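Understanding the architecture of this molecule
Next come the chains, spelled out residue by residue.
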Amino acid sequence: MAETDMKLAKFTYRTLLYAVKKKGWTCGNDDNNLSIDYGVNGENLHMNFVVSIDADRKLVRLISKLPLKFDIKRIVAGAISICTANYYFDDGCFDINLNDGTVQYRLTTSYRDSNISAEVLIYFMDFAVWAIDKFYTSLQDVTDGKMDAAQFYEKVRNMK
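Read on for a plain summary of the structure. (Residues numbered from 1 in each chain as written. Predicted model: local features only at pLDDT ≥ 70, side-chain atom pairs only at ≥ 80, totals over all residues. Heavy atoms only, no water.)

Details of the overall build of the chain
Which entries qualify depends on this criterion: Counting from the N terminus, the helices are DSSP H or I runs at least four residues long and the strands are E runs at least two residues long. Exposure classes here rest on a 1.4 Å probe applied to the protein chains alone. A residue is buried below 20% of its type maximum, exposed above 50%, and partly exposed in between. In what follows, residue pairs with any heavy atoms lying within 4.5 Å of each other are defined as contacts. Exposure was quantified through the Shrake-Rupley algorithm and a 1.4 Å probe, taking into account, for residues, occlusion by the shown protein chains and nothing else. By the counting scheme adopted, Arg and Lys are positive, Glu and Asp are negative, and His together with the chain ends is not counted. A charge is said to be at NZ when it belongs to Lys, at CZ for Arg, at CG for Asp and at CD for Glu.
Across its full length, the chain holds four helices and six strands. Shown N-terminal to C-terminal, the secondary structure of the chain runs as helices and strands in the order α-β-β-β-β-α-β-β-α-α. Projecting the C-alpha coordinates of the chain onto the three principal axes gives extents of approximately 50 × 30 × 25 Å. Within the chain, the fraction of its 160 residues that count as buried is 44%. Sequence-distant contacts in the chain: of pairs separated by 6 or more residues, those separated by 24 or more amount to 58%. In the form shown here, the chain has an accessible surface area of approximately 9000 Å², with 49% of it arising from carbon and sulfur atoms. Treating the 20 positive side-chain charges of the chain as one cloud and the 21 negative ones as another, the clouds have centres 1 Å apart.

Considerations on helix 1 (residues 3–23)
We apply this condition: To estimate the expected span of a helix, count its residues, drop one, and scale the result by 1.5 Å. To be clear, the arc concerns the directions from the helix axis to the C-beta atoms.
Look at helix 1: 30 Å from first C-alpha to last across 21 residues, which is about the 30 Å you get at 1.5 Å a residue. Among all positions in helix 1, only L8, A9, T12, Y13, T15, L16, A19 and V20 are buried. The arc that holds the buried residues of helix 1, viewed along the axis, is 160°, so those residues lie on one side. Turned more than 90 degrees away from the buried face of helix 1, the exposed residues are E3, T4, K7 and K21. Those residues of helix 1 that are buried lie in contact with strand 1 (28–30), strand 2 (35–41), strand 3 (46–54), strand 4 (59–69) and helix 3 (118–143). Downstream of helix 1 by one or two residues, G24 has phi in the positive range, about 85°.

Notes on the pairing of strand 6 (residues 102–110)
The test is simple: One requirement defines pairing of two strands: DSSP has to find at least two bridges between them.
Across nine bridges, strand 4 lies against strand 6 in antiparallel orientation. If you follow S64 over to strand 6, its bridge partner there is Y105. As paired strands, strand 5 (residues 93–96) and strand 6 are joined by four bridges and run antiparallel to one another. Bridged to I96 within strand 6 is V103.

Description of the pattern of salt bridges
Note the following rule: By definition, a salt bridge exists where a carboxyl oxygen of Asp or Glu is found within 4 Å of a side-chain nitrogen of Lys or Arg.
Taken as a whole and assessed by the stated rule, the structure comprises eight salt bridges. Of the charged contacts, one joins K58 and D5 as a salt bridge, the two residues approaching to 3.4 Å between their closest N and O atoms. Here K58, found in the loop between strand 3 and strand 4, pairs with D5, found in helix 1; they are 53 residues apart in sequence, far enough to count as distant. Here E154 ties to R157 by a salt bridge, and the two come within 3.7 Å at their closest N and O atoms. Taken as a pair, E154 and R157 lie in helix 4 (residues 149–157) at a separation of three residues, close to a single helical turn. Here E154 falls in the partly exposed class, since its relative accessible area comes to 33%.

Some points on helix 3
Spelled out, the test is: Bend at a residue means the angle formed by two fitted axes: the first through the 7 residues ending at that position, the second through the 7 residues beginning there.
Here helix 3 contains 26 residues, and its C-alpha end-to-end distance of 36 Å stays within 8% of the 38 Å for a straight helix at 1.5 Å per residue. Y136 marks where helix 3 bends most, by close to 40°. Among the residues trailing helix 3, G145 stands out with phi positive, at a value near 80°.

Geometry only, nothing functional implied.
Next up, the structure:
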């Protein structure tokens, strides 16, 4: 990897640390792997996040593993519901692992040939919290069988 690529990755990582500090949050950080982890209490659940800088691809990557798991009987309804929720987003997406039914939220942004501001990274982190909080309860209802994919679709369609 070129030295300039690593300098930009480290600059982006320092900006990420500054953004967390500016939010008043605390985080664990791994300076060697250019990653942080932190938790946020939303309206519906506690969310854990890992944000890492991918120096090779010039990406900032956020991942949050949700405490959701679709069993085999509800995996199709889960996949349809996840696609419905993702259609609603401008940024990021839910991912469902079809092998084990687990769900995560993922958001990435590129810093190729640019310096990302702390404000952009704050938006990045805030949007992820909002997105998970917005859909978690309804996705949980699908996992529990209280709602099917068509009901989830109608609920999302009528969201304001």
